[in-house]
Amino acid sequence: MQQIANLQRRFFNTHATRDVKFRRDALKKLRAALKEWEPRICDALQKDLGKCAMETFMTEIGMVTSSLNHTIRSLRGWSKPRRVHTPLAQFPSVSRVLPEPYGVALIMSPWNYPVLLCLDPLVAALSAGNCCVVKPSSMTPATSAVLAEMLGSLYPKEYVHVVLGGRDSTGVLLEQKFDYIFFTGSPTVGHIIMDAAARHLTPVTLELGGKSPCIVDASANLRVAARRIAFGKILNAGQTCVAPDYLFIHHSVKDAFVQEYRRAVTEMLGEEPLKNEEFTYIICKRHFDRLMELMQDATPVVGGKGDAATLRIEPTVLDDVTPSSASMQQEIFGPVLPILTWDKWDEVEQFVLSRPRPLASYLFSTDSANKKRFSQHLSFGGGCINDTIIHLAVHGLPFGGIGDSGMGSYHGKAGFDTFSHYKSVLSKANWLDLPFRYHPYSKWAEKILRLFLR
Ligand code: NAD
């Protein structure tokens, strides 16, 4: 690991990656490779998660390709030094801000979108001119192996290197000094990463998770709301960091919503979702058991069954849930949706604000006052009004958490910014050297200084 880090640092110090053309070429290579490797990536994701090809394209390959296109198009503009105003006191000089790469970046990704969450940060890191060590999750071995092979065939290891393996290799990796660490995963491991980074004073981005509320008020279009919320819970079987975690619905529309949700699930997955081959399964038996356990102290009013043989769980809605129910004690990360109800909007704010700040929040409403309160009073990483999840597909919206759901952001320009240090340089001409700041100080010089520094 140390050798790799040293090799990459030496390569970085050749300044090759500072050249914008070099970076664009590297990104173009990745874009072409994604096309070529698509069948193998699809096979691997089918093996690891039972993800169908359509979902693999929509949520992994297509997303990275779109991110690559946007970045390749915009990179020249993003990389340009920016001139800023220089106060008269510093005359005659020019001040510029220059984006520069950090150096050697470590990217660690989780298992739930193993391609997207590995390659999207990589696109950002390479666009900014960094060398990268990439550590995909060991929970998706087939996909991680394909990624290692693909990236290994595209780049020399002094530029991009993939490290495979479990906790042991991660532990050794984290002992090395990196110039930036970009971690996507659970808040628990987030603590470990930040601890390790602190030893080297390495800056970090933590893309974590948490319980993302989905609020529905009495004015919502329930049919559309149910479809869009069900989409968020069915996609990747709810194993999405920004999936609506729990439903907080106005009591007057709860029963009607449940009916619409049942209909939406049937329309999307048929009468027997457990038999639907295109419905992603739960990553492993441990998580399957955890999710089945979460349902025990509530009443399923939609779904509720699981199949241990295929590791599929029906899209489920849980009623008779209280804030102390099992499903409200942890991030669900599965197709299970507990329902809590409210009467007055203030209860929504009180409840959400008294809990750790979520990565995402959603509101379904046609009431402009509630929309405004949602956007202005609640604190969360990002979210949508009248939809779920899709805010992360907009390049112009920085994606990241706040508080317990993470720090820092990426996507589009925000990703380039995350992996860049903005270096400030003032360049002064020599033809004039104003004497006020030099000893010996005089009353006259002070007067002039006071004039300038107003
Ligand atoms: P995880 O934290 O268990 O693993 C993430 C990465 O950390 C993996 O590469 C894993 O190998 C490594 N890791 C695991 N345990 C470690 C340890 N003890 N020491 C060092 N490294 C370790 O997360 P996960 O289970 O793979 O993913 C699920 C979590 O990730 C959820 O909380 C979810 O919300 C979050 N997530 C967040 C985002 C986001 O963009 N904010 C995206 C996807 C998932």
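One can find the structure itself at the top, above this paragraph.
The notes below deal with the structure included here.

What counts, and at which threshold
- What you see as residue numbers is a count from 1 along each chain, following the sequence as written.
- In view of the model being predicted, local features appear only for residues whose pLDDT reaches at least 70, and side-chain atom pairs are presented and counted only at 80 or more, with totals across whole chains, interfaces and linings using the full set of residues.
- Neither water nor hydrogens contribute to the side-chain values; these are computed over all heavy atoms in the structure.
- Between any two strands, pairing holds if DSSP finds at least two bridges.
- Each helix is a run of H or I in the DSSP string that is no shorter than four residues. Each strand is a run of E no shorter than two, and both are numbered from the N terminus.
- Cavities and pockets were defined on a 1 Å grid built from protein atoms only: a cavity is a group of points that admits a 1.4 Å probe but offers it no way out, a pocket is an open group of points flanked by protein on both sides within 12 Å along at least five of seven lines, and a lining residue is one with an atom within 4 Å of any such point.
- Grid points are joined across faces, edges and corners, and a volume is the space filled by probe spheres set on the points.
- All amino acids are sorted into three groups, where Ala, Val, Leu, Ile, Met, Phe, Trp, Tyr, Cys and Pro are nonpolar, Asp, Glu, Lys and Arg are charged, and the leftover types, Gly among them, are polar.
- Patch definition: residues above 30% relative accessible area lacking any salt bridge, with like charges linked at up to 9 Å and the nonpolar side chains Val, Leu, Ile, Met, Phe, Trp and Tyr linked at up to 5 Å.
- Surface accessibility in these figures is a Shrake-Rupley result with a 1.4 Å probe; residues are shielded only by whichever protein chains are displayed.
- Counted as salt bridges are all cases of a side-chain nitrogen of Lys or Arg within 4 Å of a carboxyl oxygen of Asp or Glu.
- When a residue's accessible area, from a 1.4 Å probe over protein chains only, is under 20% of the maximum for its type it is buried; when over 50% it is exposed; and in between it is partly exposed.
- For helices, the axis comes from a line fit to the C-alpha atoms of the stretch in contact; other axes are also lines fit to C-alpha atoms, and the angle between any two N-to-C directions lies between 0 and 180 degrees.
- What sets the label is the angle itself: under 35 degrees gives roughly parallel, over 145 gives roughly antiparallel, 65 to 115 gives roughly perpendicular, and the rest give oblique.
- Rotating anticlockwise by less than a right angle from the far helix to the near helix defines a left-handed crossing, while the corresponding clockwise rotation defines a right-handed one.
- Here a residue-residue contact requires only that any non-hydrogen atoms of the pair lie within 4.5 Å.

1. Here we look at the sheet that holds strand β6 (residues 180–184)
Moving on, step 1. Taken in spatial order, the 6 strands of this open sheet run β5-β4-β3-β6-β7-β17, and their pairing is mixed. Each having just a single partner strand, β5 (160–162) and β17 (406–407) make up the two edges of the open sheet.
Moving on, step 2. Pairing of strand β7 (residues 204–207) with β17, which is carried by 2 bridges, proceeds in the antiparallel orientation. Bridging across to β17, E207 finds its partner in G406.

2. Let's talk about empty space enclosed by the protein
Gaps left between atoms show up when a probe the size of a water molecule is rolled over them.
Moving on, step 1. In the structure shown here, the tally under the stated rule is 2 cavities of 30 Å³ or more.
Moving on, step 2. Lining the largest cavity are S67, T71, W78, D120, V123, A124, S127, Y410, H411, G412, G415 and F416.
Moving on, step 3. Of all the elements in the fold, those that place two or more residues in the lining of the largest cavity are α3 (53–79), α4 (116–127) and α13 (413–418).
Moving on, step 4. Considering every element that reaches the lining of the largest cavity, the biggest residue donor is α4, with 4 residues.
Moving on, step 5. When grouped by side-chain class, the residues that make up the lining of the largest cavity number 5 nonpolar, 6 polar and 1 charged.
Moving on, step 6. Computed from the structure, the second largest cavity encloses a volume of approximately 40 Å³.
Moving on, step 7. As for the second largest cavity, its lining consists of 13 residues, and the residues nearest its centre are T240, A243, D245, E331 and F333.
Moving on, step 8. Here the residues of the lining of the second largest cavity are counted per class, giving 5 nonpolar, 5 polar and 3 charged.

3. A few points about a nonpolar patch on the surface
Moving on, step 1. Side chains of L88, F91 and W431 sit close together on the surface and give an oily, nonpolar patch of about 390 Å² of accessible area.
Moving on, step 2. Along the chain, L88 falls in the loop between β1 (82–84) and β2 (93–101).
Moving on, step 3. The exposure class of L88 is exposed, given its relative accessible area of 59%.

4. Section: the packing of helix α11 (residues 345–353) against helix α12 (residues 368–377)
Moving on, step 1. Taken N-terminus to C-terminus, the directions of α11 and α12 make an angle of 20°; their axes are 12 Å apart at the nearest point. With respect to their mutual orientation, α11 and α12 come out roughly parallel. Where α11 crosses over α12, the two elements pack in a sense that is right-handed. For the pair formed by α11 and α12, the contact residues are W345, E349 and L353 on the first element and N370, R373, F374 and H377 on the second.
Moving on, step 2. Taken together, the residues that form the contact of α11 with α12 break down as 3 nonpolar, 2 polar and 2 charged.

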